[in-house]
Amino acid sequence: MGMTLAEKIIASAAGVESVRPGDIHTVELDLLMSNDGTTHLTIDMYHKLRHPHIADVNKLVWIVDHNMPSDSPKTAASQKKMRDFAKENGIPFYEGKGVCHQIMMENHVRPGQLIFGADSHTCAYGALGAFGTGVGCTDYLYAMVTGKSWVLVPESLKFNLTGKLNHGVTARDLILTIIGRIGANGANYKAMEFSGEGLKTLTMSDRIAVCNLCVEAGAKTALMEADEVALDYLSSRGRTPKAVFHADEDAAYAQTYEVNLSEIVPVVAKPHFVDQVVPAAECLGTHIDEAFLGSCNNGRIEDLRAAAAILKGRKVADTVRFLVVPASGEIYRQALEEGLLTTFMEAGAIVMNANCSVCWGSCQGVIGEGETLISTGTRNFKGRAGHPGSFVYLASAETVTASAIAGEITTADRLPKREG
Amino acid sequence: MGKLFKFHTDVDTDQIIASQYLLFPTIEEMKSHTFESLDPSFASQVQPGDFVVAAENFGCGSSREQAPSVLKALGVKAVVAKSFARIFYRNAINIGLPVIVCKELYDHVEDGEEMELSLTEGTATVHGQTFSCTKLNPYMQNILNQGGLLASLNREEA
């Protein structure tokens, strides 16, 4: 019996010939990412260990991105603890450079790696053929000290992609549609593996958007084979694969889903759950107070370009705050050089520093009681963006931008023609 | 015996402990905000030895270990649910908070009822009715028995 991508990476990390779903293996980890959401607690636990030490400091990557820049003295103290520890121990450290997963994709992730991240959206790394999974700080600390951890081999779900996305439809619509179809726990404890002819039509940015959101269906990890698109991206960033794995023809999947990309339409996820997905057309006219373009899911240069193309020659509605937050400093600079930031500012958008922003509802752009946000962020849970009595709709960069212009939920193709 | 606090399906980690409290310096400072959006009185009402009971997919969403940690810090003895989201489940075991899968219990109990849980027997008893729970995987049971992953690490490296 052959193996899935997830099984192959675990077998490699465990140093065994083959693994089966349900097996527990001790694995060697390649990278350990942690951000300011939990690292201060990890450090406190570290100091309480009987023999505190770090197995391999070069496997660690620490990133301050969640409350960046800090919003309160308490946050500042927690981040100082992280900053000081990183410096004392020589841990690779980023601060103010962008959202952790984007920084990892730009600079660290390599195909074939097994990566723990103290953040649930670590599954994004599957876009480069790496097994990324989210862990808490105890798991993180154990791995930081020993270089190893235990992994329960997940069953895999296969998503066979065919066709091509239509104009105005995005990878964001694709993954939201899939989550709507399988539900918030449709992939709980499982790996989501994407393959098929349709995958070849997706750019790296698309692939990251797809893999990143899989945890919203409960997935342990998301994986795509590192093909030409992925390997080109990798070499353009000066990196080489650890290993390129291919799923075996006779690999066993718990279930296979056929997804025709040409049938996907613009969608929104309604409050308060990511699987409450409906065609955007069903929410037309819903009043919004704020719009957010950014996050590890949809803050890449391609998203900013698409938004700027819609905004050019138009204005953000008077009643809307439109937050534009590039996912990394590198993207910010690129957007600046391409003139996109000028377009955003001329249209009345608020361009902010690269960070998690309102996607995590604690730092900037937090909304009040009764307010509604349309967002390219990762989650729309009750209170996720601020007050428990507020509302978050998730949609693509295009739909968010169009809605910011209209002051209510709409899609780009429904906007009135530009003046002149 | 402990009182049970009953929650619905798909309780996400933002409801257990919201983002704006996560960077507080310690779990002790966060715990009074547990379940704030769902039941603002929870943190002041819950007593050591009480239980959280939920339906499917408890703890979905983020990997924040603060979620099981605030429950443990408030003295919650165990979370009993029809199913758990995987990161929450793993985090809970790692910190030594029992997470028990029990398919039948939820539909037969009311919020505020007294419950008795036997971790060794794998049973929960409410108003004289006993429900059997799914046994933990032995590997995970072993971590729990040792008091969590770091306790076992300290033992390994002793």
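Residues numbered from 1 in each chain as written. Chains lettered and ligands numbered in written order. Predicted model: local features only at pLDDT ≥ 70, side-chain atom pairs only at ≥ 80, totals over all residues.

## With respect to the overall build of chain B
- Within chain B, the regular secondary structure consists of seven helices and seven strands.
- Secondary structure of chain B in N-to-C order comes out as β-α-α-α-β-α-β-α-β-β-β-β-α-α.
- Here the C-alpha atoms of chain B give a radius of gyration of 15 Å, agreeing with the 15 Å that 2.2 N^0.38 yields for 158 residues.
- Dimensions of chain B, computed from the C-alpha atoms along their principal axes, are close to 40 × 40 × 25 Å.
- Looking at chain B residue by residue over its 158 residues, the buried ones come to 52%.
- Excluding contacts between residues fewer than 6 apart, the proportion of contacts in chain B whose partners are at least 24 apart in sequence is 68%. (Helix = DSSP H or I, 4+ residues; strand = E, 2+ residues; numbered from the N terminus. Rg over C-alpha atoms; globule rule 2.2 N^0.38 Å. Buried ≥ 20, exposed ≤ 12 C-beta atoms within 10 Å, placed from the backbone. Contact = placed C-beta atoms within 7 Å.)

## A closer look at the overall build of chain A
- A count of helical and extended segments in chain A gives 13 helices and 18 strands.
- Taking 2.2 N^0.38 as the reference for a compact globule, 420 residues should give roughly 22 Å; the C-alpha atoms of chain A span a radius of gyration of 21 Å, in line with that estimate.
- If one aligns the C-alpha atoms of chain A with their principal axes, the spans along those axes are about 65 × 50 × 40 Å.
- Counting the 420 residues in chain A, one finds 60% classified as buried.
- Contacts spanning at least 24 positions in sequence make up 76% of the contacts within chain A whose residues lie at least 6 apart.

## Describing the sheet that holds strand β2 (residues 51-54) of chain B
Residues and elements named next belong to chain B.
- Across the sheet, seven strands lie side by side as β4-β3-β2-β1-β5-β6-β7; this open sheet has mixed pairing. Because the sheet does not close on itself, it has two edges, and the strands there are β4 (99-101) and β7 (129-132). Averaged over all pairs of adjacent strands, the angle between strand axes in this sheet comes to 30°, irrespective of strand direction.
- Examined bridge by bridge, strand β1 (residues 2-6) and β2 share three bridges and lie parallel to one another. Bridge pairing in β2 places Lys6 opposite Val53. (Pairing = 2+ DSSP bridges. Axes fitted to C-alpha atoms, helices over the stretch in contact; angles between N-to-C directions.)

## Structural notes on the interface of chain A and chain B
- In this complex, chain A contributes 44 residues to the contact, which on the side of chain B involves 36 residues.
- When residues of the side of chain A that touches chain B are assigned to their parent elements, the largest contribution, six residues, is made by helix α5 (residues 137-146) of chain A.
- For the side of chain A that touches chain B, the per-class residue count stands at 18 nonpolar, 17 polar and nine charged. (Nonpolar A, V, L, I, M, F, W, Y, C, P; charged D, E, K, R; others polar.)

## Examining the pairing of β7 of chain B
Residue and element names in this part refer to chain B.
- Here four bridges tie strand β6 (residues 123-126) to β7, and the two strands are oriented antiparallel to one another. Of the residues in β7, the one forming a bridge with Thr125 is Thr130.
- Between β6 and β7, which pair antiparallel one after the other, the connecting turn spans two residues, and His127 there sits at a positive phi close to 30°.

## What about the sheet that holds strand β6 (residues 131-134) of chain A?
All names here are of chain A.
- Ordered by their spatial adjacency, five strands build an open sheet running β4-β3-β2-β5-β6, and the pairing between neighbours is parallel. Both outer strands of the open sheet, β4 (93-95) and β6, are each paired with one neighbouring strand and no more. Neighbour-to-neighbour, the strand axes of the sheet open up by a mean angle of 15°, direction not taken into account.
- Across three bridges, strand β2 (residues 31-35) lies against strand β5 (residues 114-117) in parallel orientation. Note on β5: the bridge partner recorded for Leu32 is Phe116.
- In the packing of α5 onto the sheet, contacts are made with β2, β3 (60-64) and β5, and the angle to β2 comes to roughly 135°.

## Some points on helix α4 (residues 66-73) of chain B
Residue and element names in this part refer to chain B.
- With seven of eight residues buried, α4 is to be regarded as a mostly interior element.
- Listing the buried residues of α4 in full gives Gln66, Ala67, Pro68, Ser69, Val70, Leu71 and Lys72.
- Tucked inside the fold, the buried residues of α4 contact α1 (13-16), α2 (27-30), β2, β3 (78-81) and α5 (86-95).

## A short note on helix α3 (residues 73-89) of chain A
All names here are of chain A.
- When the terminal C-alpha atoms of α3 are compared, their 24 Å separation across 17 residues agrees well with the 24 Å that a helix rising 1.5 Å per residue should span.
- Restricting attention to buried positions, one finds in α3 the residues Thr75, Ser78, Gln79, Met82 and Ala86. For α3, the angular spread of the buried residues around the axis is 90°, confining them to a single face. The exposed residues of α3 that point more than 90 degrees off its buried face are Pro73, Lys80, Asp84, Lys87 and Glu88.
- Looking at the buried residues of α3, the elements they touch are α2 (39-48), β3 and β4.
- Just past α3, the residue Gly90 takes up positive phi, approximately 70°. (Expected span 1.5 Å × (residues − 1). Arc of directions from axis to C-beta.)

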